[in-house]
Amino acid sequence: MKTLKTPANPVPKKVDGRGGARKGAGRPLGCTIANGAKMPAASSEKMALLALWKAEVGRQFPALVAAQLASAQGVTHMQARDDQGRWQTVTDPKVMLERLNAGEQCYRLTAVAPNSAMMTSVMDRMFGSPKASMELEVTHTPSDLSDEDLEEGLALLLEKLRGPK
């Protein structure tokens, strides 16, 4: 096997002004926004607008949460006949229960359907998104299987866990 040797004095590269770092280009070393460098106008404007947005959302946060929950629940009314036989909207839960237990004719009317996407969003924010489930077939208990069968089953399980390629 032959080894190649480089010459003792390699030929210097020709400097033609193309490529590489340029002298004086870029921000000076050690200069950051934290120690006084000027921030681009677009970035500072965006940061100011974001701060205003966060402050406004913070002020209205309880109302926004209530609106999300109301959207998730929808709007439902109960209509029942009063003593004179006229249909009345019933909003008091105790009166609703009395009318239902008495066996009187009543209707549940939905003015705004519950928003299932909003409910999913609320639940995911509260508890985190659920992990995907996977179907597994268990045909034997591990104590009934030989070592070869266990290795084969483990290999199949690992393939399922990797998912499609």
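The coordinates are above.
Quick caveat: nothing in here was measured; it's all calculated off a predicted structure. (Residues numbered from 1 in each chain as written. Predicted model: local features only at pLDDT ≥ 70, side-chain atom pairs only at ≥ 80, totals over all residues. Heavy atoms only, no water.)

A. How the structure looks around the overall build of the protein. Across its full length, the protein carries 5 helices and 3 strands. Along the protein, from the amino end to the carboxyl end, the secondary structure elements read α-α-β-β-α-β-α-α. For the protein, the proportion of its 165 residues judged to be buried stands at 6%. (Helix = DSSP H or I, 4+ residues; strand = E, 2+ residues; numbered from the N terminus. Buried < 20%, exposed > 50% of the residue type's maximum accessible area, 1.4 Å probe, protein only.)

B. Fine view of a nonpolar patch on the surface. Side chains of Met134, Leu136, Leu154, Leu157, Leu158 and Leu161 sit close together on the surface and give an oily, nonpolar patch of about 520 Å² of accessible area. For Leu154, the position within the fold is in helix α5 (residues 147-162). Look at Leu154 and you get partly exposed, because its relative accessible area is 49%. (Patch = residues over 30% accessible without salt bridge, like charges linked within 9 Å, V, L, I, M, F, W, Y side chains within 5 Å. Areas by Shrake-Rupley, 256 points an atom, 1.4 Å probe, with all protein chains shown as cover. Salt bridge = Lys/Arg side-chain N within 4 Å of Asp/Glu carboxyl O.)

C. Examining a negative patch on the surface more closely. Together, Asp147, Glu148, Asp149, Glu151 and Glu152 make up a negatively charged patch on the protein surface. Counting through the fold element by element, Glu148 comes out in helix α5. (Lys, Arg positive; Asp, Glu negative; His and termini not counted. Charge placed at Lys NZ, Arg CZ, Asp CG, Glu CD.)

D. Looking closely at the sheet that holds strand β3 (residues 106-112). In space, the 3 strands of this open sheet follow the order β2-β1-β3, with antiparallel pairing throughout. Two strands lie at the open edges of the sheet, namely β2 (87-90) and β3, each paired on one side alone. Across the sheet, the mean angle from the axis of one strand to that of its neighbour is 35°, orientation sign disregarded. Pairing of strand β1 (residues 75-81) with β2, which is carried by 4 bridges, proceeds in the antiparallel orientation. In the sheet register, Met78 faces β2, and the bridge partner there is Val90. Against the sheet, helix α3 (residues 93-101) engages β1, β2 and β3, with an angle of about 50° to β1. (Pairing = 2+ DSSP bridges. Axes fitted to C-alpha atoms, helices over the stretch in contact; angles between N-to-C directions. Contact = heavy atoms within 4.5 Å.)

E. Layout of the packing of helix α2 (residues 61-73) against helix α4 (residues 116-127). For the pair α2 and α4, the least separation of the axes is 8 Å and the interaxial angle reads 130°. Classed by the angle they form, the pair α2 and α4 counts as oblique. Contacts between α2 and α4 pair Gln68, Leu69, Ser71 and Ala72 from the former with Met118, Met119, Val122 and Arg125 from the latter. Partitioning the contact of α2 with α4 into residue classes produces 5 nonpolar, 2 polar and 1 charged. (Parallel < 35°, antiparallel > 145°, perpendicular 65-115°, else oblique. Nonpolar A, V, L, I, M, F, W, Y, C, P; charged D, E, K, R; others polar.)

F. Structural context of the pattern of salt bridges. This structure, assessed with the given rule, holds 1 salt bridge. One salt bridge in this structure joins Glu56 and Arg59, with 2.7 Å as the shortest N-O distance. With Glu56 and Arg59 both in helix α1 (residues 41-59) and 3 residues apart, the pair spans about one turn of that helix. Judged by relative accessible area, which is 30%, Glu56 ranks as partly exposed. The exposed category is assigned to Arg59, whose relative accessible area is 60%.

Geometry only, nothing functional implied.
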